[in-house]
Amino acid sequence: MDIGQSALKLIMEAVGDFSHAPASMFRSEADIYSRVGVPPTESGGDLTEALDVFREAAREGLETAGPHYFGYVPTGGLYTSAIADLLTKALNRSTGLAGFSPALVAMEEGVIRWLCREFELPRGAGGIITTGGSTAHLAALVAARHDRLGERFADGTIYVTEHTHYSVAKAARIAGFPASAVRTVPTTPQLRMDPVAVAELIAHDRRYGRRPFLLVANAGTTSTGTVDPLAELGALAEREGLWFHVDGAYGGFFRLTERGRGLLRGIEAADSLVVDPHKSLFAPYGTGMLLVRDPLPLRAAHHGTGDYLQDLYPSPVPHYADYGAELTRECRGFRLWLPLWLHGVGAFREALDEKLDLAEYAYQELSRGGYFHCPWQPDLSTVCFTLTSGGEEANRRLLESVNAEGRIYLSSTVLDGEYYLRLCVLSHRTHAEHVTEALAVLHEHAHQPARQVMTGLPA
């Protein structure tokens, strides 16, 4: 059996085992660390042994592609995307400069233009598929800085909330801003950015010689999935002359559903929008995306060239090297193009609708019976909750007990100084029976009979 057949056999076995695999596995006593850490030999080694080592190494950690993983923001890792990546990586096409692979760049452009239409961005909008939300935020922030502040930018001011993903502040630091440039806006009791408070902060900062230039709104925060009042914030940014950036890394693709379109009303006003296909479009890790209302500021901030590139074939599609930090860049578009081609957009809409249903089901079941408390009804597919008694220590013990067993995996967060457990439903492999099992596990570990969890499922 050749190397390709052996690898595909391992992949098929692993994917087929997701439903039965533990949600987490950590074996501190295992010898896998010593096996993977050996240096390569001069003459090479055996393929079968190498695949055995990889199989064991991959078992260690969190099963983020499985149906029992509810921690952080899950991702399914579509098998069809993996096949697309195998093809593009084997052929090793570069797409940083369109002249290397113009038709493959055009394929990626087709996916980007489709998404621009889905988000109702204007004609001429564009974007780039990135390695993730962090690099997408950085590209957007640099474009906003260049467009609104020019070469002198130390007095520029960025507006976020305490629930904004830390990658935004990290991008600001990498882009050369001091920590004082990032202003934290108060939120409402529902954890949403307060439009009145941010307007007051903007006015205050201008009076004291600052230059407000970037307003960052959340279309699904990481901790709770909360959506800020996008329409109000977009209108405020326009009035004040600020670049309006929306972090929809987790929640943006829910726009594909009817409920999501209503919930995310106002996202179409964004100057830049981050969405992560490796979250709510179920693509493999390493697939983020930046969409921009106008590609010209993005290109102006990132464009560069060298004389040695003058012989490249001229192409009608953009050079993605002009849209971000990368020059050498793999082909990322096919990993989205192929699943959309094979499954159709409707399959993704249905899957996202299912996740909204399952989160609402989990919220309703955790809220009944008096044992758990859910302070906020979920906007998207994340439910935050606590035990009604016992305080933080009891909740920490519950989480440790649940995760140590390995049947499911949850995570925690801190909101307004209080400790909460999180259950996030997002993997395309997670269905009603898996959420029901998760609820039963929670009740078992909280010493409440599992029979009190109702078996009625969402339609």
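Analysis parameters
Residues numbered from 1 in each chain as written. Predicted model: local features only at pLDDT ≥ 70, side-chain atom pairs only at ≥ 80, totals over all residues. Heavy atoms only, no water. Helix = DSSP H or I, 4+ residues; strand = E, 2+ residues; numbered from the N terminus. Rg over C-alpha atoms; globule rule 2.2 N^0.38 Å. Buried < 20%, exposed > 50% of the residue type's maximum accessible area, 1.4 Å probe, protein only. Phe/Tyr/Trp six-rings, centres within 6.5 Å; stacked < 30°, edge-to-face > 60°. 1 Å grid on protein atoms, 1.4 Å probe; cavity = no way out; pocket = protein on both sides within 12 Å on 5 of 7 lines; lining within 4 Å. Points joined across faces, edges and corners; volume = space filled by probe spheres on them. Nonpolar A, V, L, I, M, F, W, Y, C, P; charged D, E, K, R; others polar. Polar contact = N/O pair within 3.5 Å; in protein donor to acceptor, adjacent residues only side chain to side chain. Pairing = 2+ DSSP bridges. Axes fitted to C-alpha atoms, helices over the stretch in contact; angles between N-to-C directions. Parallel < 35°, antiparallel > 145°, perpendicular 65-115°, else oblique. Left-handed = near helix turned anticlockwise from the far one by under 90°. Contact = heavy atoms within 4.5 Å. Core = buried A, V, L, I, M, F, W, Y, C linked by side-chain atoms within 4.5 Å. Salt bridge = Lys/Arg side-chain N within 4 Å of Asp/Glu carboxyl O.

Peer 1: Can you tell me about the overall build of the chain, naming the residues and giving the values?
Peer 2: Summing up its helical and strand segments, the chain has 16 helices and 13 strands in all. For 459 residues, the compact-globule formula gives about 23 Å, and the C-alpha radius of gyration of the chain, at 23 Å, lands near that figure. Dimensions of the chain, computed from the C-alpha atoms along their principal axes, are close to 65 × 65 × 40 Å. The buried share among the 459 residues of the chain stands at 52%.

Peer 1: Hey, could you go over the packing of aromatic side chains for me, with residue numbers and the actual values?
Peer 2: Within the structure shown, the criterion is met by 13 aromatic pairs. Pairing Tyr 250 with Phe 254 gives two aromatic rings, centres 6.4 Å apart and planes at 85°, and the pair type is edge-to-face. Residue Tyr 250 is classed as buried on the basis of its relative accessible area of 2%. Residue classification places Phe 254 among the buried residues on the basis of a relative accessible area of 0%. Between the aromatic rings of Tyr 371 and Phe 372, the centroid separation amounts to 5.7 Å while the plane-to-plane angle is 70°, which identifies the pairing as edge-to-face.

Peer 1: Hey, could you go over empty space enclosed by the protein for me, with residue numbers and the actual values?
Peer 2: Under the defined criterion, the tally for this structure stands at one cavity of 30 Å³ or more. Roughly 30 Å³ of internal volume is contained in the largest cavity. With four residues, the single largest contributor to the lining of the largest cavity is helix α13 (residues 334-343). The residue inventory of the lining of the largest cavity, partitioned by class, reads seven nonpolar, one polar and one charged.

Peer 1: Summarise the layout of surface pockets; cite the residues concerned and give the values.
Peer 2: In this model, the largest pocket occupies a volume close to 1200 Å³. Along the wall of the largest pocket there are 37 residues; nearest its centre are Ala 14, Val 15, Phe 18, Phe 54 and Ala 58. Mapped onto the lining of the largest pocket, the elements with two or more residues apiece are α1 (3-16), β1 (24-25), α3 (47-59), β2 (61-62) and α4 (79-91). By residue number, the principal contributor to the lining of the largest pocket is α1, which donates eight residues.

Peer 1: Lay out the side chain of Glu 60 with the relevant residues and their values.
Peer 2: Mapping Glu 60 onto the fold places it in the loop between α3 and β2. Here Glu 60 falls in the buried class, since its relative accessible area comes to 16%. Side chain to side chain, Glu 60 and Tyr 33 meet in a polar contact 2.6 Å long.

Peer 1: Lay out the pairing of strand β11 (residues 382-387) with the relevant residues and their values.
Peer 2: Counted residue by residue, β11 has six buried out of six residues, so it is predominantly covered. Where strand β10 (residues 372-373) lies against β11, two bridges are found, and the strand directions are antiparallel. Its bridge partner being in β11, His 373 is matched across the sheet by Thr 386. Pairing between β11 and strand β13 (residues 418-424): four bridges, direction antiparallel. For Val 383, the partnering residue across the bridge sits in β13 and is Leu 423.

Peer 1: How would you explain the packing of helix α8 (residues 195-207) against helix α9 (residues 230-240) if you had to name every residue and give the values?
Peer 2: Following both chains from N to C, one finds α8 and α9 inclined at 20°, their axes separated by 10 Å at the closest point. Classified by the angle their axes make, α8 and α9 are roughly parallel. In terms of crossing hand, the pair formed by α8 and α9 is right-handed. Here Pro 195, Val 198, Ala 199, Ile 202 and Arg 206 of α8 lie close against α9, whose contacting residues are Glu 232, Leu 233, Leu 236 and Glu 240. In terms of residue class, the contact of α8 with α9 is built from six nonpolar, no polar and three charged.

Peer 1: Residue-level account of the sheet that holds strand β5 (residues 182-185), with values.
Peer 2: Taken in spatial order, the seven strands of this open sheet run β3-β9-β8-β7-β6-β4-β5, and their pairing is mixed. With one partner strand each, in any of the chains shown, β3 (126-130) and β5 form the two edges of the open sheet. Neighbour-to-neighbour, the strand axes of this sheet turn through a mean angle of 20°, independent of strand direction. Most of the contacts of helix α5 (residues 102-118) go to β3, to which it runs at about 120°, and overall it touches β3 and β9 (288-292).

Peer 1: Can you break down the nonpolar core residue by residue, with the values?
Peer 2: Grouped together as the largest cluster of nonpolar side chains are 84 residues, with contacts concentrated most on Ile 158, Phe 177, Val 198, Leu 215, Leu 290 and Leu 291. It is helix α6 (residues 133-148) that provides the largest number of residues to this core, a total of seven residues. Once you skip the residues sitting within four places of it in the chain, Leu 215 turns out to touch Tyr 159, Met 193, Val 198, Leu 233, Ala 237, Leu 242, Trp 243, Phe 244 and His 245. The next biggest cluster of nonpolar side chains, apart from the first, holds 29 residues, and it includes Leu 358, Leu 366, Leu 398 and Leu 423.

Peer 1: Now, about the pattern of salt bridges: what can you tell me, with residues and values included?
Peer 2: This model, assessed by the stated rule, comprises 29 salt bridges. Note that Glu 13 is salt-bridged to Lys 9, the shortest N-O span being 2.7 Å. Pair noted here: Glu 13 and Lys 9 are both in helix α1, with a separation of four residues, about one helical turn. We classify Glu 13 as partly exposed; its relative accessible area is 38%. Close ionic contact of Arg 332 with Glu 330 constitutes a salt bridge, the shortest N to O distance being 3.5 Å. On the basis of relative accessibility, which here comes to 1%, the residue Arg 332 falls in the buried class.

Peer 1: Summarise α13; cite the residues concerned and give the values.
Peer 2: The complete set of buried residues in α13 reads Phe 334, Arg 335, Leu 336, Leu 338, Pro 339 and Leu 340. Positioned one or two residues after α13, Gly 344 has a phi angle of 80°, which is positive.

Peer 1: Please set out the environment of Glu 240 residue by residue, giving values where relevant.
Peer 2: Relative to the elements of secondary structure, Glu 240 occurs in helix α9. Overall, the relative accessible area of 26% leaves Glu 240 in the partly exposed class. In the structure, Glu 240 is positioned 37 residues away from Ala 203 in sequence and 9.3 Å away in space, judged by C-alpha atoms. Excluding anything up to four places from it in sequence, Glu 240 contacts Ile 202 and Arg 206. A polar atom in the side chain of Glu 240 sits 2.4 Å from the side chain of Arg 206.

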